[in-house]
Amino acid sequence: MEKPTPELKNKDLKTEYQSFYNEQMVAIHEDVLAHSKHALTWGTLPDVEDMTRLEAAGDMPEETGFSVAEDGSIVVAVKTLMPDTSPQMWDWWFGWHGSEDERYKLWHPKAHLSAKWEDGRKDNCYIGRNSIVREYIGKDVLDALVQFKSPLEFGFSHAAINRKDEVVYICAKLGHPKLPVDYGYLMHQVRTTPHGTEMRSRFWMSGKYVSARHDNLINNTAVKVLQMFKTLPKTFAQDLLLHCAEEMTHLATILPELYQKYATDNTLAISGASIHRGDTDFEEKVMDTLFNKAPIPHRPASIYEPKTVEDIINVVRYAQKVGRRISITSGGHSFSANFIREDGLLIDMKNFNQYSVNLEAKTAEAGPAVGGSTLMKALYKDDLFFPAGHCQGVCLGGYLLQGGYGWNGRKLGIACESILGLDIVTADGELVYADANTNADLFWAARGAGAGFFGIVIKFYLRVYDLPKYRSVIVHSFNMKHLEDVYRWAHEVGPSIPKAVEFQMCMSKNMMNLLGPGIEAIAPIFADTKEEYEEAKLFMKNSPIAHKSTIRIPAINPGIDMLYKSVMSHYPENYCWGVDNMWTHAPVDDLLPFIREIAETLPPPPSHFLWLNWHPGEIGADMAYSTEDNIYLSLYSCWENPSNTAKYGDWASDMMKKMDHLSTGIQLADEGLHKRTASFMSTENLNRVQAIRAKRDPQGLFYEWHSKPE
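All of the points below concern the structure found in this document.

Rules used throughout
Residues numbered from 1 in each chain as written. Predicted model: local features only at pLDDT ≥ 70, side-chain atom pairs only at ≥ 80, totals over all residues. Heavy atoms only, no water. Helix = DSSP H or I, 4+ residues; strand = E, 2+ residues; numbered from the N terminus. Buried < 20%, exposed > 50% of the residue type's maximum accessible area, 1.4 Å probe, protein only. Core = buried A, V, L, I, M, F, W, Y, C linked by side-chain atoms within 4.5 Å. Contact = heavy atoms within 4.5 Å. Pairing = 2+ DSSP bridges. Axes fitted to C-alpha atoms, helices over the stretch in contact; angles between N-to-C directions. Arc of directions from axis to C-beta. Expected span 1.5 Å × (residues − 1). Phe/Tyr/Trp six-rings, centres within 6.5 Å; stacked < 30°, edge-to-face > 60°. Lys NZ or Arg CZ within 6 Å of the ring centre and 35° of its normal. Salt bridge = Lys/Arg side-chain N within 4 Å of Asp/Glu carboxyl O.

## Here's the deal with unusual backbone geometry
Peptide bonds are mostly trans, and most non-glycine residues show a negative phi. The omega torsion across Pro605 and Pro606 is 10°, close enough to zero to call that bond cis. With respect to the secondary-structure elements, Pro606 resides in the loop between helix 17 (588-601) and strand 26 (608-613). We note that Ala337 has phi near 50°; this positive angle belongs to a residue other than glycine. Following the sequence through the fold, Ala337 ends up in the loop between strand 12 (326-329) and strand 13 (345-348). Although it is not a glycine, Asp343 sits at a positive phi angle of roughly 65°. As for its position among the elements, Asp343 is in the loop between strand 12 and strand 13. For Asp343, a relative accessible area of 37% gives the class partly exposed.

Shown next as structure tokens:
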């Protein structure tokens, strides 16, 4: 084996790590040398898709050896005994060593040349980051991009990241540092033994393991060509086996002292971005998290943008140590900015925006930062459907936790009823799965607790539905002079409107953005049969006040894109908002005086007043969500210049205070709990949520709602 130049070695000896630098390599076990002599039959060692078999207790028939296939694919397995070490030490090492060449060379002084993080940072974490390394494997220099991944991405169970005192999994894809080509995988399992740990290393490289890092025609074509050539030296598999055994055996002798001297539990490092109060651009970062640009006095101590589940776990455990509380945002559409808390740690889930759909099973998996509109549009292409929110950009995290009033919701139920399960990071920093049978208390509370939920959802498992065959929208627009007629008719017809219709009315001072003050009566229809569709249209067709409308748009199917554009004309970005809502079943005569006052005092457009005929049946699931009624009323005051906040900011909450005696509660979607306390779930359910909180989050790590009923 060729070695680095003497100049490099002399430089290494002068670093602060010189006491750990030892060119005399520790001898590897004779059993490893024996297994390096002859190749195993291809198929003896598990293939890459079977790597999760390592989670099973005990050993495999072959723990050390190598195989080479006819197409040039290689598999290498190495088992290394490492006394006096722990899994936590190895987990720390893989984050610490990659920041400096000198640290990397401690690992294998005769072969390691250089290492650096692709992002240029020196943070002590590795999952979710890429390390660029240069080293000798045998007599040949290998340049590699080591792309560290969460074990979850390789199919390992939640236990693989929860029990780091017992076992650690280091997983990565291997590729070229400059070309968009990956040529293999590595996986190290470090598990405890009576005397320390043992490392079970696995490598799958070359041949069929070559893949394009980015899925496009040019890269895929290049990969097909590369797969035809046996690009590695003939002895590469044997050399890699020996190299792995050498570096792990050698490092094990100095790792305990390195860990004792350099490891610290008082710092937080994550692969995602972080910014802290006082940093340049901190104020801009805070405002970027907010859909509502109305001025707020509070500021978090730090904002974290995790890229991996491990990042989230690290933030949670760090918050526990330093006594900070945590808030979470997925898309920032909370009108009350519930996630902006004074001196707290804000976790922005923006990077958890991946989703997948199982067409055959009619299920989907989605991260909390997936826009409901994004999922809906993707489902439409496959003739599938989900009751996603009406507003484009609203992400599933907050939407599903607070209930989820979305398209076709009267028929399919509120969206959280379509949750099959959730992956959650709990207050003790563990990743758990929750459904009706597993961690059922978390499953129950998550569906309706909203921003008061005491955990961080990293994935939703959802039921999706067939796309309704018959879809359309009918719109009747009325001048404000017909206010009383319109609301009396809506109140009267509400109970008889078919479930396939989500009838709502929008009052503003510029209806349809061009007709001045008035009321739009809007009837989106999602019907599965022709008969259901025809029945759904009748109440608008036979409306006794239809002749008073200024404009009547017959049943048309505008498509999902136009539906979202239409809704978003009422919810422009970069505006300030003051919002509040209520459920009610009050008589129309009791409601009309307040509706008239709303019309008289309504702030300039796009401020508006929403009336939704809901008329629910029984809630279809046992869950925290528990408050709804016949009619939903919501006020949206909107202004562009923050200087007008004093003028318009309290209009919605002040108006709802006047109507409070007619209210049966609110929904958490458009709440103003920072200005007005109101009931958002039944007393029984709220008490149950708080009892579960006391058990699951006894230290109050997660913030609750701005306010709640006593």
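## Some details on the nonpolar core
Counting residues in each nonpolar core, the largest one holds 96 residues, and the members touching the most others are Phe386, Leu396 and Phe453. Among the elements that take part in this core, helix 9 (residues 309-322) stands out by supplying six residues, more than any other. With near-sequence residues (within four places) excluded, Phe453 lies in contact with Leu401, Ile424, Leu442, Ala445, Ala446 and Phe702. Among the nonpolar cores identified, the runner-up in size contains 54 residues, and Phe20, Met82, Trp90 and Leu241 belong to it.

## Some words on the sheet that holds strand 27 (residues 631-639)
Reading across the sheet, the seven strands line up as 24-21-23-22-26-27-25 and stay open at both edges, with antiparallel pairing between neighbours. Looking along the sheet, the strands with just one partner apiece sit at the ends: strand 24 (551-556) and strand 25 (576-584). The sheet shows a mean angle of 15° between the axes of neighbouring strands, direction not considered. Where strand 22 (residues 504-508) lies against strand 23 (residues 518-527), five bridges are found, and the strand directions are antiparallel. Among the inter-strand pairings, Cys506 is bridged to a residue of strand 23, identified as Glu520.

## Re helix 16 (residues 559-568)
Restricting attention to buried positions, one finds in helix 16 the residues Ile560, Leu563, Tyr564, Val567 and Met568. One side of helix 16 holds all its buried residues, which, seen down the axis, span an arc of 125°. In this structure, the buried side of helix 16 is in contact with helix 10 (372-380), strand 21 (470-479) and strand 23.

## Description of the sheet that holds strand 12
The strand order across the open sheet built from four strands is 10-11-13-12, with neighbouring strands paired in mixed fashion. Across the chains shown, the open sheet's two edge strands, defined by having one partner strand only, are strand 10 (273-276) and strand 12. Strand-to-strand twist of the sheet, defined as the mean angle between neighbouring strand axes without regard to direction, takes the value 20°. Sheet topology places strand 11 (residues 302-305) next to strand 13; three bridges connect them, and they run parallel. Bridge pairing in strand 13 links Tyr304 to Ile347.

## Some thoughts on helix 17
Given 3.6 residues to a turn, an α-helix orients residues that are three or four positions apart in the same direction. In this model helix 17 runs 20 Å from its N-terminal to its C-terminal C-alpha over 14 residues, within 8% of the 20 Å that 1.5 Å per residue would give. Considered for burial, the residues of helix 17 that qualify are Val588, Leu591, Leu592, Phe594, Ile595, Ile598 and Ala599.

## Re the packing of aromatic side chains
Evaluation of the coordinates by the stated rule reveals 41 aromatic pairs. With centroids separated by 6.2 Å and ring planes inclined at 25°, the aromatic side chains of Phe291 and Trp577 adopt a geometry described as stacked. Of this pair, Phe291 sits in the loop between helix 8 (282-288) and strand 11 while Trp577 is found in strand 25, placing the two residues 286 residues apart along the sequence. Classification of Phe291 by relative accessible area gives buried; the value is 9%. Assessed through its relative accessible area of 4%, Trp577 is described here as buried. Seen from their ring centres, Phe335 and Trp577 are 5.6 Å apart, and the 55° between their planes marks the pair as tilted. You can see Phe335 sitting in the loop between strand 12 and strand 13 and its partner Trp577 sitting in strand 25, a full 242 residues away along the chain. Judged by its relative accessible area of 10%, Phe335 is buried. Across from the ring centre of Trp444, 3.9 Å away, lies the NZ or CZ of Arg688, which sits over that ring.

## Overview of the pattern of salt bridges
One pass over the structure, following the stated rule, counts 41 salt bridges. The partner of Lys362 in a salt bridge is Asp466, with the nearest N and O atoms 2.7 Å apart. Of the two residues, Lys362 sits in the loop between strand 14 (355-358) and strand 15 (363-366) while Asp466 sits in strand 20 (residues 465-466), which places them 104 residues apart along the sequence. Relative accessible area serves as the criterion here: at 31%, Lys362 is assigned to the partly exposed category. Overall, Asp466 belongs to the partly exposed group, its relative accessible area being 45%. Across the salt bridge formed by Asp561 and Lys377, the nearest N and O atoms sit 3.2 Å from each other. Of this pair, Asp561 sits in helix 16 while Lys377 sits in helix 10, and the two are 184 residues apart along the sequence. Overall, Lys377 belongs to the partly exposed group, its relative accessible area being 24%. The network of salt bridges with shared partners includes Asp59, Lys79, Arg191 and Glu198.

None of this, on its own, says anything about what the molecule does.
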